[in-house]
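Given next are the chains, with one letter for each unit.
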Amino acid sequence: MEKLIIAGRAFDSRLLVGTGKFASPKVMARALSASGCEIVTVALRRVDIDNPTDDTLREIDRDRFLLLPNTSGARSAEEAVRLSRLARAATGINWVKLEVTPDPYYLLPCPIETLKAAEVLVKEGFVVLPYINADPILAKRLQDVGTATVMPLGSPIGSNQGLKTRAALEIIVEQSNVPVVVDAGLGLPSHAAEAMEIGADAVLVNTAIAAASDPVEMALAFKLAVEAGRRAYEAGPRDPLRKAEASSPLTGFLRDE
Amino acid sequence: MKSLKVNGVERQFAPDEMPGTLSALLSVLGVGPATVVAEVDGRIVRREEFDRTQISDGQQIELIKLMGGG
């Protein structure tokens with residue numbers, strides 16, 4: 001399998017895993033390990049002063065996993081930029097998954113605020129991985145601004161609906177010069193495999209792993225699916241045909257014609 | 001009384017109990033500084049700077065940490 005290259009850095013795994021919703025830090029650590037992932041997303045929130053020692057990320061081995069802070073909760077470019085700067089100060093990492101989601105019901109990303117924030121953050125030296133709707137024109141605009149990837153959604157965050165945006169994703173994959181990471185809505189390993197088969201460079205999964213009855217087993221299932229999908233893509237699948245095409249010659253049958 | 005607004009909540013301190021630095025404030029609140037980054041009146045302060053960051057009456061302080069997310 002080819003390596004995934006993001007901003008000049010090479011990764012063996014094409015599965016990124018989010019760290020939300022796990023039942024415990026220990027289960028999360030085991031699931032991350034089973035997933036084979038090398039990049040894990042994290043969020044920033046106010047310290048809960050009533051429970052100030054809570055540290056759900058204490059089990060993450062920071063030598064093994066690249067932390068990718070997100071700007072979840074931001075409703076405007078300004079808030080996203082502020083969160084990105086805080087994330088950089090907290091982690092020492094200048095990578096950021098840019099999310100601007102003004103609508104709390106579907107959590108769909110705002111294209112205008114996302115583009116505005118990306119312009120600022122790229123100028124400030126951030127490696128920007130923007131979460132976007134599956135909009136090929138926006139993906140190109142962001143790439144032109146200098147983002148390291150584009151991260152189009154398959155379906156709304158946490159919805160487990162799979163690749164509802166497949167047709168637009170195919171256009172983004174066809175046109176993109178930066179890695180395409182399909183993010184959000186992948187509910188089953190088959191969804192992840194489908195994204196990889198159509199040429200996505202990577203996928204990001206959180207809820208489908210974290211909320212499974214057995215997150216460790218599901219993490220392994222996603223790992224295998226991502227690898228299967230990528231290998232199939234690299235192997236070059238044949239286009240579908242409208243009619244049957246026999247696997248053996250249609251001659252030499254045990255009958256007289 | 002002196003006051004600080006911490007994570008959106010007003011906190012009162014007797015003048016002789018007012019924390020002088022961010023580190024002192026974290027210790028009063030029981031917040032472990034290893035995972036925390038701060039904003040003092042909108043200016044970002046890294047945790048290495050908490051010891052030498054003076055705080056004063058009326059300031060707005062945000063204490064932020066990493067947590068699980070997708």
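(A) Examining the overall build of chain A more closely. On a plain count of helices and strands, chain A comes out with 8 helices and 10 strands. Along the first, second and third principal axes, the C-alpha set of chain A runs to 85 × 40 × 35 Å. Out of the 257 residues belonging to chain A, those deemed buried represent 45%. Sequence separation of at least 24 residues holds for 63% of the intrachain contacts in chain A that already meet a minimum separation of 6.

(B) Spatial organisation of the environment of Ala29(A). Residues and elements named next belong to chain A. Position of Ala29 among the secondary structure elements: in helix H1 (residues 25–35). Once the C-alpha coordinates of Ala29 and Ile60 are considered, the two residues, 31 residues apart in sequence, prove to be 6.2 Å apart. Once residues lying within four places of it in the same chain are set aside, the contact partners of Ala29 are Glu59 and Ile60.

(C) Broad picture of the sheet that holds strand E8 (residues 151–152) of chain A. Residues and elements named next belong to chain A. Sheet architecture is open: 3 strands sit in the order E6-E7-E8, paired in parallel fashion. Of all the strands in the sheet, the pair left with one neighbour each is strand E6 (95–98) and E8. As defined by bridge partners, strand E7 (residues 127–132) adjoins E8 across 2 bridges and the pair is classed as parallel. Bridge pairing links Tyr131 to Met151 in E8. With respect to the sheet, helix H3 (residues 111–123) is in contact with E6 and E7, its orientation differing from that of E7 by roughly 175 degrees.

(D) View of helix H2 (residues 77–91) of chain A. Taking 1.5 Å per residue, 15 residues should reach 21 Å; H2(A) reaches 21 Å between its end C-alpha atoms and fits that length. One or two steps after H2(A), the chain reaches Gly92(A), where phi turns positive at roughly 75 degrees.

(E) Geometry of the interface of chain A and chain B. Chain A puts 29 residues into the contact, and the matching count from chain B is 21 residues. Among the elements that take part in the side of chain A that touches chain B, strand E4 (residues 39–46) of chain A stands out by supplying 6 residues, more than any other. For the side of chain A that touches chain B, the class distribution of residues is 13 nonpolar, 11 polar and 5 charged. Across 5 bridges, the pairing between E4(A) and strand E5 (residues 60–68) of chain B is antiparallel. Bridge assignment links Arg46(A) to a residue of E5(B), and that residue is Ile64(B).

(F) Spotlight on unusual backbone geometry. Residue and element names in this part refer to chain A. The phi angle at Ala7 is positive, at roughly 50 degrees, despite the residue not being glycine. Tracing the sequence through the fold places Ala7 in the loop between strand E1 (4–6) and strand E2 (9–11). The phi dihedral of Asn160 is positive, around 60 degrees, even though this residue is not glycine. Note on placement: Asn160 falls in the loop between E8 and helix H5 (166–175).

(G) Summary view of the nonpolar core. Within the largest apolar cluster, 93 residues are counted, with the highest numbers of intra-cluster contacts made by Leu98(A), Val181(A), Ala192(A), Ala200(A), Val203(A), Val205(A) and Phe222(A). Excluding residues that lie within four positions of it along the chain, Val205(A) makes contacts with Leu15(A), Val17(A), Leu186(A), Ala192(A) and Phe222(A).

(H) How the structure looks around H1(A). All names here are of chain A. Of all the positions in H1, only Met28, Ala31, Leu32 and Ser35 are classed as buried. Along the long axis of H1, the arc covered by the buried residues comes to 100 degrees, so they all point the same way. Considering only its buried residues, H1 is in contact with strand E3 (15–18), E4, helix H7 (207–210) and helix H8 (215–235). Two residues or fewer past H1, Gly36 is found with a positive phi of approximately 70 degrees.

Parameters at a glance
Per chain, the residues get numbers from 1 upward, laid out in the order the sequence is written. As a convention, the first chain written is A and the first ligand written is 1, with the rest following in written order. Owing to the predicted nature of the model, reporting of local features is limited to residues with pLDDT of at least 70; listing and counting of side-chain atom pairs is limited to 80 or more, with chain, interface and lining totals taken over all residues. Strands here are runs of E lasting at least two residues and helices are runs of H or I lasting at least four, both read from the DSSP assignment and numbered beginning at the N terminus. Exposure in this text rests on C-beta crowding, where 20 or more other C-beta atoms within 10 Å of a residue's own make it buried, 12 or fewer make it exposed, and counts in between make it partly exposed. The C-beta atoms are placed from the backbone. We call two residues in contact whenever the C-beta atoms placed from their backbones are within 7 Å. Whether two strands pair comes down to DSSP finding at least two bridges between them. In this description, a line fitted to the C-alpha atoms serves as the axis of each element, helices being fitted only across the stretch in contact, and the angle between N-to-C directions of two axes falls anywhere from 0 to 180 degrees. To estimate how far a helix should reach, multiply one less than its number of residues by 1.5 Å. Three residue categories are used. Nonpolar comprises Ala, Val, Leu, Ile, Met, Phe, Trp, Tyr, Cys and Pro, charged comprises Asp, Glu, Lys and Arg, and polar comprises the others, including Gly. Nonpolar core, as used here: buried Ala, Val, Leu, Ile, Met, Phe, Trp, Tyr and Cys residues forming one set through C-beta atoms within 7 Å. For this quantity, the arc is that covered by the directions from the helix axis to the C-beta atoms.

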